[in-house]
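Single-letter residue listing:
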Amino acid sequence: MKRMLRSASTVLAGLAAVAALLPGVASAETYTAGIEASFPPWAYVENGEKKGIAVDAMRWIAKDQGIDVNFKDLPWPSLVPALGQGRIDLLVTGLDVTRERDKVVDYSIPWYVNNDALMVPKDSDLNVVTALSNGATIGIQSGSTQYLWAKKNLVDNPDIDATIKGYDSSVTAVEDMEAGRVDSFMVDELTATEFASKRDDIKTIAIMMAERPMALAVTDGDPHHLLAKLNKGIMNMVDSGNWRRIVKKYAPYMPIKNVPGYMPPYIDHYKNPPGIDLSN
Amino acid sequence: MSIYGVLLDQLPYLLQGLGIAVLLLMALLVVGLVLGLFFALVEIYGPLWARLPVYALERFARGVPAIILLFLFYYGIGNVYAIPSFAAAVAALGLRSGGYQSQIFRGAIQSVPYGQMLAARAIGMGRMGAVAYIIVPQALRHAIGPWSNEFSAEFKDTSLAYVIGVIELTRQAHYIISNQHGHTLPVLLFAAVLYFVVNRFGNSLLYRLEDRLEVPGFERRS
């Protein structure tokens, strides 16, 4: 029995040693940036390397502001809770600014303004009206801003006959549309353009002016005082032309928009964003 | 490049994910083995005050979905101590495996004829000694067959660990799917083949071990 206990404790000690060697243990000076690494062009992994607009931009900002940042890949539904709990210090995937999320996170100034897009199979006759009503079934990524919009404005409206089907990821939604189980697919404009450039079996039939600001986010209350650094870094990156360079590298089709983008009045600290002076 | 070319091109990263999955499997099986044996011994030989909490923990580990255990360990313990993803996955899946393994070991221990305990006591061995040197060594050998099921089941469940940020095979497959904007089926099928090959290989090793360590005179599958 004693021998068994001894070998058991050796094994446990070995496991602890292995765990200590594994990456992801954040030290005091290094911040952990959460990304959803299956979300091109914002963040993705190719040949074992983390890439994308958000990843490169964050690296640039970190260097500019003299902070160290590690990237941690978590599935999309886990990111906001992980930030709320402090498991990650900031969130740098293409994140929409919404009133609901503002309750649990704090936003940097918007670095992009995105719209919504509607896609159908290439051989489909549906138009922007019939693809969203008349008994149409719309595929959308669950929990996305587009999902919430469609639920509120189409499904919950008794005068419109539309059904939405939620998916784990945009790719599954598109593949299910190809299989004929949904009629149309709603997603943000950038992702739609990305899909249209990689697949020839679907087409975009409408861009809807949603003007959704996208920003970085930190834990509510900004405990590490990162917002001022992020805001300054974003402006330096834009002013030095590096933002344009990074965006064009990953998404040549993507228009460059004014930074800071539209700042909704319901986000409190947008009245006076820390770290930058917007008066001029 | 066709999707098959992409798969071939990305094979090193898929294999890297497979390596993480196998490492996770080994670690969680060791944790599960230690816990499972401990649970089984307490449940069979322990006093009531020790049995009750062990029953409760073992039933909980077996009665809760693995994905919820993963979240509980990553975010729950994460509130107190910043546990890394991999360690949280080992702990969560290891605890669950401990629950299942305890029932394998309980059955295996109880399959050793009670007369052996009486004989050991009769020649002057203590109860602990008889358990450690007579009962458990035989029980472990009986347990290999059913334990190979646990090996397979847990290996497949390592594919859940990506939800708390462990970059294993399934996550690597997701990377390819999102970069390609499609081809879900061939990519996941390819991952399935990798899982299957390792699973069969591990099982055949365990069968060979079972043959080698067969308890003489005990009936077993042919």
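Keep in mind that what you see is a predicted model, and the values were worked out from it rather than measured.

### Regarding the overall build of chain B
Next up, step 1: In terms of regular secondary structure, chain B is built from nine helices and zero strands.
Next up, step 2: Reading the secondary structure of chain B in the N-to-C direction produces α-α-α-α-α-α-α-α-α.
Next up, step 3: For chain B, buried positions account for 50% of its 222 residues.
Next up, step 4: Of the roughly 10600 Å² that chain B leaves accessible, carbon and sulfur atoms contribute 69%.

### Let's talk about the domain arrangement of chain A
Residue and element names in this part refer to chain A.
Next up, step 1: Domains assigned within chain A are domain 1 (28-113 + 212-268) and domain 2 (115-211).
Next up, step 2: Contacts between domain 1 and domain 2 engage 16 residues on the former and 13 residues on the latter.
Next up, step 3: A combined buried area of about 1300 Å² lies between domain 1 and domain 2, and 52% of that area is made up of carbon and sulfur atoms.
Next up, step 4: For the domain 1 face of the interface with domain 2, the top three residues by lost area are V113, R212 and Y253, together amounting to 46%.
Next up, step 5: Counting across the interface, domain 1 meets domain 2 through one salt bridge.
Next up, step 6: The salt bridge involving D116 is made with R212; its shortest N-O contact spans 2.5 Å.
Next up, step 7: There are four residue pairs in polar contact (both at pLDDT 80 or more) connecting domain 1 and domain 2.
Next up, step 8: For the side of domain 1 that touches domain 2, the secondary structure elements donating two or more residues are β8 (112-121) and β12 (202-219).
Next up, step 9: Considered class by class, the residues forming the side of domain 1 that touches domain 2 number eleven nonpolar, one polar and four charged.

### Some details on the packing of helix α2 (residues 11-45) of chain B against helix α8 (residues 169-180) of chain B
All names here are of chain B.
Next up, step 1: The geometry of α2 relative to α8 is characterised by a closest axis approach of 7 Å and an angle of 155° between their N-to-C directions. The pairing of α2 with α8 is recorded here as roughly antiparallel in orientation. Side by side, α2 and α8 meet where Y13, L14, G17 and L18 of the first sit next to L169, Q172, A173 and I176 of the second.
Next up, step 2: Of the residues assigned to the contact of α2 with α8, the class counts are six nonpolar, two polar and no charged.

### A few points about the pattern of salt bridges
Next up, step 1: Evaluated as defined, the whole model comprises 17 salt bridges over all chains.
Next up, step 2: Linking R59 of chain A and D56 of chain A is a salt bridge whose minimum nitrogen-to-oxygen distance equals 3.7 Å. Highlighted residues: R59 of chain A and D56 of chain A, both in helix α2 (residues 53-65), separated by three residues, approximately one helical turn.
Next up, step 3: Between D56 of chain A and K249 of chain A there is a salt bridge whose closest N-O contact spans 3.3 Å. Taken together, the residues span a long stretch of sequence, with D56 of chain A in helix α2 and K249 of chain A in helix α9 (residues 242-250) at a distance of 193 residues.
Next up, step 4: When its relative accessible area of 54% is taken as the criterion, K249 of chain A is described as exposed.
Next up, step 5: Connected via shared salt-bridge partners are E36 and D73 of chain A together with R171 of chain B.

### Some points on α9 of chain A
Residue and element names in this part refer to chain A.
Next up, step 1: For α9, the complete set of buried residues consists of N242, W243, I246, V247 and Y250. Buried residues in α9, looked at end-on, bunch into an arc of 130°, giving them a common side.
Next up, step 2: Buried-residue contacts for α9 involve β3 (43-46), β4 (49-51), α2, β8 and α8 (227-239).

### Digging into empty space enclosed by the protein
Next up, step 1: Taken as a whole and judged by the stated rule, the model has one cavity of 30 Å³ or more.
Next up, step 2: Counted as a void, the largest cavity has a volume near 50 Å³.
Next up, step 3: If you trace the largest cavity, you find it lined by V45, E46, N47 and G48 of chain A together with Q10, Y13, L14, Q172, Y175 and I176 of chain B.
Next up, step 4: Counting residues per element, the ones that place at least two in the lining of the largest cavity are β3 of chain A together with α2 and α8 of chain B.
Next up, step 5: In terms of residues, the lining of the largest cavity owes the most to one element, α8 of chain B, which gives three residues.
Next up, step 6: The class makeup of the residues in the lining of the largest cavity is five nonpolar, four polar and one charged.

### Looking at the nonpolar core
Next up, step 1: Counting 96 residues, the largest nonpolar core has Y107 and F185 of chain A together with L24 of chain B as its most contacted members.
Next up, step 2: Considering every element that reaches this core, the biggest residue donor is α2 of chain B, with 14 residues.
Next up, step 3: The residue makeup of this core includes at least three contributed by each of domain 1 (28-113 + 212-268) and domain 2 (115-211) of chain A.
Next up, step 4: With near-sequence residues (within four places) excluded, F185 of chain A lies in contact with A117, L118, M119, G139, S170, A173, V174, M177 and F195 of chain A.

### A short note on the environment of A162 of chain A
Residue and element names in this part refer to chain A.
Next up, step 1: The residue A162 is located in strand β10 (residues 162-167) in this model.
Next up, step 2: Each C-alpha atom, one on A162 and one on K63, is 48 Å from the other, the two residues being 99 residues apart in sequence.
Next up, step 3: Beyond its immediate stretch of four places on either side in the chain, A162 contacts L132, S133, A136, I138, L154 and V155.

### Some thoughts on a nonpolar patch on the surface
Next up, step 1: On the surface, a nonpolar cluster with roughly 470 Å² of combined accessible area is contributed by L57, F60, I67, I68, F71 and L72 of chain B.
Next up, step 2: When residues of the nonpolar patch are assigned to their parent elements, the largest contribution, four residues, is made by helix α4 (residues 66-76) of chain B.

### A few points about the interface of chain B and chain A
Next up, step 1: Counting residues at the interface gives 38 residues for chain B, matched by 32 residues for chain A.
Next up, step 2: Summed over both partners, the interface of chain B with chain A comes to about 3100 Å²; 60% of that surface belongs to carbon and sulfur atoms.
Next up, step 3: On the chain B side of the contact with chain A, Y75, N179 and H181 of chain B bury the most area, a combined 23% of that side's loss.
Next up, step 4: Connecting chain B to chain A are two salt bridges.
Next up, step 5: Note that R171 of chain B and E36 of chain A form a salt bridge whose closest N and O atoms lie 2.5 Å from each other.
Next up, step 6: Across the contact surface, chain B and chain A share 16 residue pairs in polar contact (both at pLDDT 80 or more).
Next up, step 7: For the side of chain B that touches chain A, the secondary-structure elements that each account for two or more residues are α2, α4, α5 (85-110), α7 (127-157) and α8 of chain B.

### Comments concerning α2 of chain A
Note: α-helices contain 3.6 residues per turn, so residues at a spacing of three or four share the same orientation.
All names here are of chain A.
Next up, step 1: For α2, with 13 residues, the first-to-last C-alpha span of 18 Å sits near the 18 Å given by 1.5 Å per residue.
Next up, step 2: Among all positions of α2, only I53, A54, V55, D56, A57, M58, I61, A62 and Q65 are buried.
Next up, step 3: Trailing α2 by a residue or two, G66 shows a phi angle of about 65°, which is positive.

### Here's the deal with the environment of I176 of chain B
Next up, step 1: The topology assignment puts I176 of chain B in helix α8.
Next up, step 2: I176 of chain B has contacts with V6, L7, Q10, L14 and V187 of chain B, leaving out every residue within four places of it along the chain.

What counts, and where the lines are drawn
- Residues numbered from 1 in each chain as written.
- Chains lettered and ligands numbered in written order.
- Predicted model: local features only at pLDDT ≥ 70, side-chain atom pairs only at ≥ 80, totals over all residues.
- Heavy atoms only, no water.
- Helix = DSSP H or I, 4+ residues; strand = E, 2+ residues; numbered from the N terminus.
- Buried < 20%, exposed > 50% of the residue type's maximum accessible area, 1.4 Å probe, protein only.
- Areas by Shrake-Rupley, 256 points an atom, 1.4 Å probe, with all protein chains shown as cover.
- Domains from an automatic or database assignment.
- Contact = heavy atoms within 4.5 Å.
- Buried area = accessible area lost by both parts, 1.4 Å probe.
- Salt bridge = Lys/Arg side-chain N within 4 Å of Asp/Glu carboxyl O.
- Polar contact = N/O pair within 3.5 Å; in protein donor to acceptor, adjacent residues only side chain to side chain.
- Nonpolar A, V, L, I, M, F, W, Y, C, P; charged D, E, K, R; others polar.
- Axes fitted to C-alpha atoms, helices over the stretch in contact; angles between N-to-C directions.
- Parallel < 35°, antiparallel > 145°, perpendicular 65-115°, else oblique.
- Arc of directions from axis to C-beta.
- 1 Å grid on protein atoms, 1.4 Å probe; cavity = no way out; pocket = protein on both sides within 12 Å on 5 of 7 lines; lining within 4 Å.
- Points joined across faces, edges and corners; volume = space filled by probe spheres on them.
- Core = buried A, V, L, I, M, F, W, Y, C linked by side-chain atoms within 4.5 Å.
- Patch = residues over 30% accessible without salt bridge, like charges linked within 9 Å, V, L, I, M, F, W, Y side chains within 5 Å.
- Expected span 1.5 Å × (residues − 1).

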